[in-house]
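Listed here are the chains, written in short residue letters.
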Amino acid sequence: MGATTVPRVGSRRLDAEVAEARGGTVADTTRRRRVLVAPDKFKGSLTALEVARHMGAGLRRAAPGTAVTALPVADGGDGTVAAALAAGFDRRAARVTGPLGEPVDAAYALRGADGTAVVEMAEASGLRLLPDGAFAPLTATTRGTGELLLAALDAGARTIVLGVGGSATTDGGAGMLTALGARLTDARGRTLAPGGAALAALHHADLSALEARLARTSLVLAGDVDNPLTGPRGAAAVYGPQKGASPEDVAVLDAALAHYARVLDGGELAGAPGAGAAGGLGYGALAGLGAAFRPGIEVMLEVLGFREALAEADLVVTGEGSLDEQTLHGKAPVGVARASSGTPVVAVCGRLALGPAALAGAGIERAYALTDLEPDARRCMADAGPLLELTAEAIARDYLG
């Protein structure tokens, strides 16, 4: 694989009306207070773009002379493609194999100017594609993710950011590899069935026919987990139950993944950070495709042009649905705060489960929770937009007055 530096792009204004506040013009917005709004999604409620729009509306209402720049972000999981599209990438569609083997419609993002594509594995192999209650922990496949990578290559991608998260699969990326030309066979030379359980019968892995264009492509594995492939912190043990795996299924999958790794690369990369991401798809990308693992929020901030947007900001507002212990381990708000280089950072969230010391340690000056305005969780989610606008007004009073 080539170098894994991700090209950058500048940010875009949330709303052209920002320049008109108090009769101003585009040219003179640089003389006003400037806020960079860079939230992740509020899962189950609002997309990152919707969060940014509501925050911008509240800030402009309370401090109409403020210039607001929106930069919706993502950490490699659900919403990664949407964040790229909001930053100006083009939407591309492909019909691929879903996790249960049925065809699904998936999308990825492409910036034609430099050949950078953002591919979200959940678009092809995600839990959200399963019918209610139709888990398939032993047989779900990542084949569609490989097909989505092929579509990006066909469209001219030279750098591919592969966001991993929200998967329905625990097949170690075997389905992805076969879609890209690998041949995985049992002792009798028969192609393995889809899914993680079938990997227990793997006898030979032939990667000689892998798609040749991959050797000329920088493939960046972008995720927010650093779990190994197997063991108590591995893909099956930690994430298998979320995908319907029973304790017996977890044991089967963990043993099958361990065997798969021994055959594929002698287990050399099974313990690498990110190998356990997305049901082991991370391992398949690392060992089979030569991908480079990087924290998803770090990669996406480069792709979205965070540094360029930050240069104009006096305050950064970030956030996600729940600020909790998981936030401290590679989630978007902490990544934004760490990248803000001394610019004050505040966060918005639906639910706050971190104390002042933890927030300060993450570089966040203050957090504003929507549940402080509406304690009922169901109403809070349903009315998240208006509540965000009220919260943005409070931030304006506290920081822009």
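Parameters at a glance
Residues numbered from 1 in each chain as written. Predicted model: local features only at pLDDT ≥ 70, side-chain atom pairs only at ≥ 80, totals over all residues. Heavy atoms only, no water. Pairing = 2+ DSSP bridges. Helix = DSSP H or I, 4+ residues; strand = E, 2+ residues; numbered from the N terminus. Axes fitted to C-alpha atoms, helices over the stretch in contact; angles between N-to-C directions. Contact = heavy atoms within 4.5 Å. Buried < 20%, exposed > 50% of the residue type's maximum accessible area, 1.4 Å probe, protein only. Parallel < 35°, antiparallel > 145°, perpendicular 65-115°, else oblique. Left-handed = near helix turned anticlockwise from the far one by under 90°. Nonpolar A, V, L, I, M, F, W, Y, C, P; charged D, E, K, R; others polar. Core = buried A, V, L, I, M, F, W, Y, C linked by side-chain atoms within 4.5 Å.

A word on the sheet that holds strand 4 (residues 90-97)
Working step 1: Judged by pairing direction, the sheet is mixed, and its six strands sit side by side in the order 4-5-6-7-10-11 without closing on themselves. With one partner strand each, in any of the chains shown, strand 4 and strand 11 (292-295) form the two edges of the open sheet. Pairs of neighbouring strands in the sheet enclose a mean axial angle of 30°, with direction left out of account.
Working step 2: Pairing of strand 6 (residues 116-120) with strand 7 (residues 159-163) involves five bridges; the strand directions are parallel. Counted as the bridge partner of glutamate 120 is glycine 163 from strand 7.
Working step 3: Taken strand by strand, helix 4 (residues 143-154) contacts strand 4, strand 5 (103-111), strand 6, strand 7 and strand 10 (218-223), and its axis lies near 140° from that of strand 4.
Working step 4: The sheet strands contacting helix 8 (residues 277-289) are strand 7, strand 10 and strand 11, and the helix crosses strand 10 at an angle near 160°.

Some points on the environment of glutamine 326
Working step 1: As for its position among the elements, glutamine 326 is in the loop between strand 12 (315-323) and helix 11 (332-338).
Working step 2: Classification of glutamine 326 by relative accessible area gives exposed; the value is 56%.

Quick notes on the packing of helix 1 (residues 48-62) against helix 14 (residues 384-399)
Working step 1: Contact pair helix 1 / helix 14: the axes reach a minimum separation of 7 Å and the direction vectors enclose 45°. Classified by the angle their axes make, helix 1 and helix 14 are oblique. The handedness of the crossing between helix 1 and helix 14 comes out as right-handed. Within the contact between the two elements, helix 1 uses Val51, His54, Met55, Ala57, Gly58, Leu59, Arg61 and Ala62 and helix 14 uses Gly385, Leu388, Glu389, Ala392, Glu393, Ile395 and Ala396.
Working step 2: Looking at the contact of helix 1 with helix 14 residue by residue, the classes come out as nine nonpolar, three polar and three charged.

Some points on the nonpolar core
Working step 1: Ranked by size, the top nonpolar core spans 53 residues in total, and within it Leu149, Ile160, Leu162, Met176, Tyr260 and Leu289 carry the most contacts.
Working step 2: Among the elements that make up this core, the one with the highest residue count is helix 8 (seven residues).
Working step 3: Setting aside anything within four residues of it in sequence, one finds leucine 162 in contact with Val119, Met121, Thr145, Leu149, Met176, Leu219, Val220, Leu221, Ala222 and Leu281.
Working step 4: Judged by nonpolar contacts, the second largest core, of 38 residues, contains Leu71, Leu304, Ala309 and Ile364.

Interpretation note: all reported values are geometric properties and have no functional meaning in isolation.
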